[in-house]
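# Notes for the structure review
Here are the chains, one letter per residue:
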Amino acid sequence: MKPSGTYTIIQIIFLCCLTDANCQKIEFNGQIAGWMTINNSGKPGFQSGARYIPQVLFELPVNKNYKFDGEISADLLGNYTVQGDSSAYTNASARFYRLWLRF
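Structural notes, computed from the coordinates. (Residues numbered from 1 in each chain as written. Predicted model: local features only at pLDDT ≥ 70, side-chain atom pairs only at ≥ 80, totals over all residues. Heavy atoms only, no water.)

Before going further, it helps to examine the pairing of strand β2 (residues 45–61). Judged from the 15 bridges that link them, strand β1 (residues 25–39) and β2 form a sheet pairing that is antiparallel. Its bridge partner lying in β2, Ile 26 is registered against Phe 58. The hairpin turn running from β1 into β2, its antiparallel successor, is five residues long, and Gly 42 in that turn takes a positive phi close to 70°. One ladder, built from 14 bridges, connects β2 with strand β3 (residues 67–82); its direction is antiparallel. Across the sheet, Leu 60 pairs through a bridge with Phe 68, a residue of β3. (Pairing = 2+ DSSP bridges. Helix = DSSP H or I, 4+ residues; strand = E, 2+ residues; numbered from the N terminus.)

Printed below as a string of structure tokens:
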């Protein structure tokens, strides 16, 4: 599997921060939401799921006057559904939510 350009950028940023590159600030944040529904009319069913948006903020000083900063966020979603005929299935997805860099 060939890595895309976005993954390469993310790897370079993390490698710069893990080495002795005078990384001044890395901050991890995120949001999580969950839900559950039950349907007991007609064909009973059940669904539960969660969405998580992790966020990494970073700041890399270049010198006294300049710096790189940016944000990387992902959108992670998963759910579990049971239908009235007792069939069950899961669904999951992961994609980039936000990516920006600034000099």
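So, on to the packing of aromatic side chains. Per the stated rule, a full pass over the model turns up two aromatic pairs. Geometrically, the ring pair formed by Tyr 66 and Phe 103 is stacked, given 5.4 Å between the ring centres and 10° between the ring planes. Taken together, the positions of Tyr 66 in the loop between β2 and β3 and Phe 103 in the segment after β4 (88–102) put the pair 37 residues apart, joining distant regions of the chain. On the accessibility criterion, Phe 103 (59% relative accessible area) is exposed. Measuring from ring centre to ring centre gives 5.0 Å for Phe 68 and Phe 103, while their planes differ by 55°; the resulting arrangement is tilted. With Phe 68 in strand β3 and Phe 103 in the segment after β4, this pair connects stretches of sequence that are 35 residues apart. The structure contains a cluster of three or more aromatic residues connected by ring pairs, namely Tyr 66, Phe 68 and Phe 103. (Phe/Tyr/Trp six-rings, centres within 6.5 Å; stacked < 30°, edge-to-face > 60°. Buried < 20%, exposed > 50% of the residue type's maximum accessible area, 1.4 Å probe, protein only.)

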